[in-house]
Amino acid sequence: MGKMTGAQAILESLKLEGVETIFGLPGGVLLPLYDAIYESDIRHILVRHEQAAAHAADGYARATGRVGVCLATSGPGATNLVTGIATAYMDSVPMVAMTGQVPTSLIGKDAFQEADITGITIPVTKHSYLVKDAKDIPRIFREAFYIARTGRPGPVLIDLPRDVTVDELEFDYPEIHLPGYNPNLKVHSLQIKRAAAALMEAERPVIYVGGGVKYSDGHRELLQLAERIKAPVTTTLMGIGCFPEDHPLSLGMLGMHGTKYANYAIQEADLILAVGARFDDRVTGKVASFAPQAKIIHVDVDPAEIGKNVRVDIPVVGDAKSALAELAKAVGEKPWGTWYEKVAGWKGNYPLCYSTEGETIKPQCVLETICRLCPDAVIVTEVGQNQMWAAQFFTHKDPRHFISSGGLGTMGYGFPAAIGAKLGCPEKEVFDIAGDGSFQMNIQELATAVVNDVAVKVIILNNGVLGMVRQWQDLFYEKRFSNTTLYRVPDFVKVAEAYGALGLRATKPSELEGVLLEAIESEVMTVVDVVISPDEKVSPMVPAGASLSEILELESADPAAQTPRSYAGPSASEILELEG
Amino acid sequence: MHTIALIVENRPGVLVRIAGLFSRRGFNIDSLTVGSTDNPDYARMTITVDGDEVVLEQVTKQLNKLVNVIRVSELLSSESVERELAIIKVAARKEDRSEIMQIVSVFRAKIIDVSPRSLIVEVTGSDDKVEAMVRLLRQFGIKEMARTGKVSMVRGTKAMVP
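Residues numbered from 1 in each chain as written. Chains lettered and ligands numbered in written order. Predicted model: local features only at pLDDT ≥ 70, side-chain atom pairs only at ≥ 80, totals over all residues. Heavy atoms only, no water.

1. Examining the layout of surface pockets
In this approach the atoms are scanned with a rolling probe the size of a water molecule, which exposes any empty space left behind. Considering only enclosed or pocket space, the second largest pocket measures out at about 850 Å³ in volume. Around the second largest pocket, the lining comprises 41 residues; the ones closest to its centre are K126, R152 and D302 of chain A together with Q62 and K65 of chain B. Where the lining of the second largest pocket is concerned, the elements lending two or more residues are α4 (76-90) of chain A together with α1 (14-24), α2 (53-65) and β4 (69-75) of chain B. At four residues, α2 of chain B tops the list of elements feeding residues into the lining of the second largest pocket. Here the residues of the lining of the second largest pocket sort into 17 nonpolar, 12 polar and 12 charged. (1 Å grid on protein atoms, 1.4 Å probe; cavity = no way out; pocket = protein on both sides within 12 Å on 5 of 7 lines; lining within 4 Å. Points joined across faces, edges and corners; volume = space filled by probe spheres on them. Helix = DSSP H or I, 4+ residues; strand = E, 2+ residues; numbered from the N terminus. Nonpolar A, V, L, I, M, F, W, Y, C, P; charged D, E, K, R; others polar.)

As structure tokens, this is what we get:
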């Protein structure tokens, strides 16, 4: 391929990896690389804050299944990526993060804009590289992309000292030789046999599905298996969309804000088949009393997840899709039985619900309306109440159509991730379900969206408070609302307009559908400010540390909480008067 | 206490990744030794870890996930030879010298430095032996001590190589 500079070799490597879009923001040490980008075919999306570059790459990866790529300069640019890298790490998202670094001769000298980013990110990357020699660039890029997307996916960081991007090298894309990295994909047939036998024997099986099924593209095999043995299926937040929620065997989400019937089913089950899920504390509640009667089969591509949080009876290490396919082949057809009837009974008796009284728009109704108007939309969320309502009240049917920061719970994730998702899937309608708190954490990306014609629809469920924390203060801290009131500032319609986006607002239930339709029909970046009550709660709820059986139905609006002493901001009715 | 042997890539930053993994996941390292192997591209580490079987399983699995870690193996003391080396500077008054030298000879240790008021003793053996030696020398006054931590290898022809 001949001689080229390090910067050219980086772009050549990206091309060979099939990268079309990267998200980044330049800086001093990246000048040679950005100079090469100037004449390259790669689409570079200039963000307004590096954190958004990482989240956008993450959203792009989750929506498309490809490796997301972001780029930031040395020092503060690199450290600004860290939250985004950690978010991707916790949710196993394939990502390659490139950072500029001071020249190799200055490393360790506390040079201008120097930060030890490989050191800083060790705990939140699957692997990382500091390139010391330009000739290593092709090998390192090939390895980085391979590591990021195989096995349990995750972020890989490549730190690029300035001189390495300038030095010349002979470009050769070598074969991968990684003796210490052997992702274990092939499932063990004996374990499959044991698991299949247990599934056939079980009287009350539940399939508990996490993000691993989504990443391995195993939703069809899951459906096949569940239908053969008539096992109800519950998903984690990360697994949402892997099983159609309108299916009679669907239990929706389990855990802290899961459905009552999913949690009851887990607690009554005599067998749990966990696939690509990791028994997170938000899922299990009190671990000692999780699924007390159940044998546990755990399928995971990462052997370290098996036995980490709960005892496992039948471990199956391997790729979720192949494990599900093998299991579906190995089991026989089972009839619909009493277990299904029991579960269906719970579904009928304890549906997700909310009070429709009062003059305010109900956030749950916002999600149901979006679902009715635009059932195939990609739903990206921020973190907090908005995220839980989006998980609960939109009927999710397709994998890669629900994108949310689960493990790290990163407020500010949703909007840049939605930009990434929309760029990855331009033909799809992409919503960011936001809260007014989360949206303000990366609100500057309105500029990125407007400039690049990215028509994301941000739906702000604006309650003027940090709603999830406030909900906990309400329930567990005697309504002492310490520092959770934001006073519905700023005016999001004006902010949207200032950035050149379309701003819309709905304050009364009667306005909701019309405004949402306008947003859906809009072909530009659109922000919808939906005014909701600060007292609306996410329900049901398993209190932290309690067992899943102790799931509570919460009152949706408590008038006592609206006295001026306990809530410093204007009440919902006052806001309606002010704004309506 | 469990002993784990690792073959790792001999590259900068590998030790940090391994040590960081232990602190991050709340595993307790009792001792850690690193040295080269016959192949300069790889280093060998011996780590002794405090914890039950569940902890050991997690440690092993998490170490295996590190890209720079080539092999991880638990070494059972019943099936392997273990050695540790310690050098101990012990206070040695005239009247104590002969007793110290007797202890040294019983332990098949060596005196590697002599000065008017102290001796440096070199002892090699299992950590129990080193521990016993240290206990006996304590009565004379240990001024300084340096221990290598344990190295370990499975008996017989089976070899742990990259």
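So, next bit.
2. Quick notes on the domain arrangement of chain B
All names here are of chain B. When cut into domains, chain B gives domain 1 (2-75) and domain 2 (81-151). Taken over C-alpha atoms, the centre of domain 1 sits 29 Å from the centre of domain 2. Across the boundary between the two partners, domain 1 contributes six residues, which contact five residues of domain 2. Overall, the association of domain 1 and domain 2 removes approximately 370 Å² of surface from exposure, summing both partners, and the carbon and sulfur fraction of that is 55%. Among the residues domain 1 hides against domain 2, the three largest losses belong to T3, T33 and T46. Together they make up 69% of the total. At the junction of domain 1 and domain 2, the tally comes to zero salt bridges. At the surface where domain 1 touches domain 2, the tally comes to two residue pairs in polar contact (both at pLDDT 80 or more). Counting residues per element, the ones that place at least two in the side of domain 1 that touches domain 2 are β2 (28-36) and β3 (42-50). In terms of residues, the side of domain 1 that touches domain 2 owes the most to one element, β2, which gives three residues. (Domains from an automatic or database assignment. Contact = heavy atoms within 4.5 Å. Buried area = accessible area lost by both parts, 1.4 Å probe. Salt bridge = Lys/Arg side-chain N within 4 Å of Asp/Glu carboxyl O. Polar contact = N/O pair within 3.5 Å; in protein donor to acceptor, adjacent residues only side chain to side chain.)

3. Describing the side chain of E305 of chain A
Inspection of the secondary structure puts E305 of chain A in the loop between β13 (295-300) and β14 (314-317). The contact partners of E305 of chain A, leaving out residues within four places of it in the chain, are R152, R278, H298 and D300 of chain A.

4. Considerations on the pairing of strand β1 (residues 2-9) of chain B
Residues and elements named next belong to chain B. Most of β1 sits inside the fold, with eight of its eight residues counted as buried. Residues H2, I4, L6 and V8 point to one face of β1 and T3, A5, I7 and E9 to the other, with burial holding for every one of them. Inspection of the sheet shows β1 paired to β3 by eight bridges, in the antiparallel sense. Bridge pairing links L6 to M45 in β3. As defined by bridge partners, β1 adjoins β4 across six bridges and the pair is classed as antiparallel. (Buried < 20%, exposed > 50% of the residue type's maximum accessible area, 1.4 Å probe, protein only. Pairing = 2+ DSSP bridges.)

5. What to know about the sheet that holds β2 of chain B
All names here are of chain B. As summarised here, the arrangement of the four strands in space is β2-β3-β1-β4, forming an open sheet in which the pairing is antiparallel. With one partner strand each, in any of the chains shown, β2 and β4 form the two edges of the open sheet. On average, each strand axis in the sheet is inclined to that of its neighbour by 20 degrees, with strand direction left out of account. Packed on one face of the sheet, α1 meets β1, β2, β3 and β4 and runs near 15 degrees to β3. Packing of α2 onto the sheet brings it into contact with β1, β3 and β4, and relative to β1 it is tilted by some 5 degrees. (Axes fitted to C-alpha atoms, helices over the stretch in contact; angles between N-to-C directions.)

6. Some points on the interface of chain B and chain A
Contact with chain B, which involves 18 residues of that partner, is made by 19 residues of chain A. Between chain B and chain A, roughly 1,500 Å² of surface is buried when both sides are summed, and carbon and sulfur atoms account for 51% of that area. For the pair chain B and chain A, the number of links is one salt bridge. Residue D302 of chain A pairs with K65 of chain B through a salt bridge whose shortest N-O separation is 2.5 Å. Run the count over chain B and chain A and you get five residue pairs in polar contact (both at pLDDT 80 or more). Put simply, the parts of the chain that give the side of chain B that touches chain A at least two residues each are α1, α2 and β4 of chain B. Element by element, the count of residues in the side of chain B that touches chain A is highest for α2 of chain B, at seven residues. Split into classes, the residues belonging to the side of chain B that touches chain A amount to seven nonpolar, four polar and seven charged.

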